[in-house]
Structures are given as C-alpha cells and as structure tokens.
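Analysis of the macromolecular model
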Amino acid sequence: LYGNSAIGHVRYSTAGASERKNTQPIVVDYSRGQIALAHNGNLINAGILRSELEAYGSIFQSTTDSEVIIHLLATSQVNSLVDRITDALSKLKGAYSLLFLTETRMIAARDPQGIRPLCFGKIDGGYVVASETCALDLIGAKYVRDVEPGEIIIFQGNKLTSIKPFPEKKAAHCVFEYIYFARPDSHIFGKGVSRVRKEFGKSLAREHPVEADVVIPVPDSGVTAAIGYAEESGIPFAMGIIR
C-alpha cells in the first residue's frame, strides 16, 4: 500500500450487527474534506443522539454507534477540526477510544474516565496509535505513553499537540480488558496483563479454596489465572482442554 498514513480496525461487535456495513474504519467525505474514524468502546447515549440527528435530516449508513460521532462532527457549528471533534465528544456518554485520520493529521482521543485503553508510540520518525501495547511491539515501534483519560492528541508530521478540554472524572477502567480482551503480553492501564491475570488466580485460590486433584484452565485467557491458582493452592496445573 502506498502513502504516508494508514488507519485500521479489527471489529468486535459491541454495537450493531456483524455486517459488512458496520465495518471500520468509517470513511466519509464531508464539507471540510475526507476523514476516517476507528472507535473502540460503547456509547450508552448513541440511540438518543441518533434519533436527534435523524430528526434534523442526518441519514445513517450503518447500525453501529460509532457513526453517531461522524454525524456530530459533520453537523457541528464550530470552525476547526479539533474544535469540531471536541464539540462532538462533549455530547457522548460512555466508552470511547478514538482515532481520526485526515490527509494531513492523525487525532487520538480517549473518554474522560479512561474506560478503554489507548496508547501511542514512535517508529521511523512517525507516530503510531493502538489499543494495546502489543501492537507496537509487533511492528517494532517504541512505546511512548498512554493517551490520558479526557485527552485529545493531534499528530501532524513529526509533531504532536495535546489538549484536555473536558472536566476531570473518576477513572473507571474496564476490568474485562484484564480478564479477557487484552493480549497477555500487553500493558493495560499501567500494568502487565499477564501479571494481573496471575494475581487474579492467586486471589481466587485464597478466597475460594477447594479440594481438587488438578487445576485446568479454559484456553486461552484463563491459562495465566489458572497458573496463579495452582501456585497459590499447591494443586498441580494441567492442560485438560485444548482449543
């Protein structure tokens, strides 16, 4: 593929059916040019916002909550793209880790409670944004830091600008990232996923001890927790189920 920027998405169907029309990134042409959006999270007020937008003439092409963000951006009455994004995000409730891509800029944003993860790194003088640190490792990018809750970062060329336009809120990290979603070799919310899963297993052994012959995990996300349970309880670990 030719070009100097790219955006991609591996969709987990949290809103909208698993249909081709709901695939991401969402790419549109609007009055200010072309923009692409990738979204990880769930918007709990998407239905209300969609109804309001449709009442004013917006026509939706998908059933995913992510498309609401594009319509809010396109219909915003403020001037600059960053201000339009800020205006759109101020109307959202729920979880969103976002990446916008235009011909000249890449813009990352994370909801004020930091519900879902988002990080960025550097490679070959440019920047890369991902939901998990393992994505950076796989392409040889150097991890820089997480996108902070409520932060919007504008990447343009080899420079970045950070703004925090929203009031600070209490953190509400999604525990299911540690339990299931994230890869074991990722660092999520400042902690290694594998280590956290192992500690989950140890805690379970202390809170709910049982008499048993063997500890068997349900692959793949349960393996590390089962190892922790086995270590803490002294019951042997074995692979009894193969995926």
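Predicted, not measured: the structure shown is a model, and the values here were computed from it.

For the rest of this paragraph, the subject is the packing of helix 1 (residues 46-55) against helix 2 (residues 66-75). Packing of helix 1 against helix 2 brings their axes to within 10 Å, and their N-to-C directions diverge by 45°. With respect to each other, helix 1 and helix 2 are oriented oblique. By crossing handedness, the relation of helix 1 to helix 2 is classed as left-handed. On the side of helix 1, the interface is formed by A46, L49, R50 and L53, while helix 2 contributes V68, H71, L72 and T75. Residue classes in the contact of helix 1 with helix 2 are distributed as 5 nonpolar, 2 polar and 1 charged.

Should the charged atoms of two oppositely charged side chains come close, the side chains can pair. Inspection of every chain in the model, using the stated rule, returns 10 salt bridges. A salt bridge links K91 to D87; the nearest nitrogen and oxygen atoms lie 2.9 Å apart. Across the pair R243 and D220 runs a salt bridge whose closest N-O atoms are separated by 2.6 Å. On the criterion of sequence distance, the pair formed by R243 in the segment after helix 7 (223-233) and D220 in the loop between helix 6 (193-207) and helix 7 is long-range, its members being 23 residues apart. If you follow the salt bridges from partner to partner, you end up with K198, K202 and E231 in one network.

For the rest of this paragraph, the subject is the nonpolar core. Counting residues in each nonpolar core, the largest one holds 28 residues, and the members touching the most others are L89 and F100. At the level of elements, strand 1 (26-30), strand 2 (33-40), helix 1, helix 2, helix 3 (81-89), strand 3 (97-101), strand 4 (106-110) and strand 8 (152-156) are the ones that each hand at least two residues to this core. The contact partners of L89, leaving out residues within four places of it in the chain, are I69, Y96, L98, A109, I152 and F166.

To summarise the sheet geometry, strands pair through backbone hydrogen bonds and adopt either a parallel or an antiparallel arrangement. Here we have 6 strands laid out as an open sheet, ordered 1-2-3-4-8-9, and antiparallel in their pairing. Two strands bound the open sheet, and with one partner strand each, they are strand 1 and strand 9 (159-163). Strand-to-strand twist in this sheet, taken as the mean axis angle between neighbours without regard to direction, amounts to 20°. Direction of pairing for strand 2 relative to strand 3: antiparallel, over a ladder of 5 bridges. In the sheet register, A36 faces strand 3, and the bridge partner there is L101. Of the strands in this sheet, strand 1, strand 2 and strand 3 are in contact with helix 2, which crosses strand 2 at around 145°.

The rules behind these values
Residues numbered from 1 in each chain as written. Predicted model: local features only at pLDDT ≥ 70, side-chain atom pairs only at ≥ 80, totals over all residues. Heavy atoms only, no water. Axes fitted to C-alpha atoms, helices over the stretch in contact; angles between N-to-C directions. Helix = DSSP H or I, 4+ residues; strand = E, 2+ residues; numbered from the N terminus. Parallel < 35°, antiparallel > 145°, perpendicular 65-115°, else oblique. Left-handed = near helix turned anticlockwise from the far one by under 90°. Contact = heavy atoms within 4.5 Å. Nonpolar A, V, L, I, M, F, W, Y, C, P; charged D, E, K, R; others polar. Salt bridge = Lys/Arg side-chain N within 4 Å of Asp/Glu carboxyl O. Core = buried A, V, L, I, M, F, W, Y, C linked by side-chain atoms within 4.5 Å. Buried < 20%, exposed > 50% of the residue type's maximum accessible area, 1.4 Å probe, protein only. Pairing = 2+ DSSP bridges.

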